Amino acid sequence: RRVLFRSTPSDLAVQRMEIQFRRMTGDREAYLAAAHAALRDHPEDELSQYVVGAAISADRRAAPDARESGRRLLWGLALGEGSFRDEAVDALIRAGVLTHGQRGLLLKALESRAKPRVDDCFRALELRFQLHGEDRARFGAGVIAAIGPDSPPVERAGAATWLGRTGQWPSAVSLLPL
């Protein structure tokens, strides 16, 4: 394995394999080093941009300017049309350092997904609530109306969890699949 990685160190396909291999082995330092090397050699590579951006922006020990540079990498992916767009949007939401305008951009990105997942709907709802959260009851009623009694139990439980986190306990209990 090491021979392959050393024999063609700047080949993008080999560097991508090394990134994946390091991730699977759980060696975080080697994983990040491989991603940094690939990003240095191939700055246009979206996998490297995502790995480096997500890791740095989520690292609470990193300096604020380093975390900001990680978020800039993620924003470049999130606003583009590449294959790591959805992952970058998710990473930016997890990073949590968002202005009002950035929340709006991420909300549009979530709503424009071709195949939204259940958790995408709740992330969008959370962003919408952060943008216009002054009327909790209206949001609670909207969640209940959107979910409905015929929704799968996992969706009802997810909605109940979100409602509970926002302090709307009666609405949350009404959605629990009992």
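Just so you know, these numbers come straight off a predicted model, no measurement behind them.

Definitions and limits used
Residues numbered from 1 in each chain as written. Predicted model: local features only at pLDDT ≥ 70, side-chain atom pairs only at ≥ 80, totals over all residues. Heavy atoms only, no water. Helix = DSSP H or I, 4+ residues; strand = E, 2+ residues; numbered from the N terminus. Rg over C-alpha atoms; globule rule 2.2 N^0.38 Å. Contact = heavy atoms within 4.5 Å. Areas by Shrake-Rupley, 256 points an atom, 1.4 Å probe, with all protein chains shown as cover. Lys, Arg positive; Asp, Glu negative; His and termini not counted. Charge placed at Lys NZ, Arg CZ, Asp CG, Glu CD. Expected span 1.5 Å × (residues − 1). Buried < 20%, exposed > 50% of the residue type's maximum accessible area, 1.4 Å probe, protein only.

**What about the overall build of the protein chain?**
Here is step 1 of the chain: Along the protein chain, the regular secondary structure elements total 11 helices and zero strands.
Here is step 2 of the chain: Secondary structure elements in the protein chain, listed N-terminal to C-terminal, are α-α-α-α-α-α-α-α-α-α-α.
Here is step 3 of the chain: For a compact globule of 178 residues, the expected C-alpha radius of gyration is about 16 Å, and the protein chain comes in at 20 Å, more than 25% above that figure.
Here is step 4 of the chain: Overall, the protein chain is about 60 × 35 × 30 Å in size when its C-alpha atoms are taken along their principal axes.
Here is step 5 of the chain: If you take every contact in the protein chain between residues at least 6 apart in sequence, the share linking residues at least 24 apart comes to 41%.
Here is step 6 of the chain: Of the roughly 10200 Å² of accessible surface on the protein chain, a fraction of 57% belongs to carbon and sulfur atoms.
Here is step 7 of the chain: Across the protein chain, the 26 positively charged side chains and the 23 negatively charged ones have centroids separated by 4 Å.

**Regarding helix α3 (residues 28-41)**
Here is step 1 of the chain: With 14 residues, α3 should reach 20 Å at 1.5 Å per residue; the first-to-last C-alpha distance of 20 Å fits that figure.
Here is step 2 of the chain: Restricting attention to buried positions, one finds in α3 the residues A30, Y31, L32, A34, A35, A37, A38 and L39.

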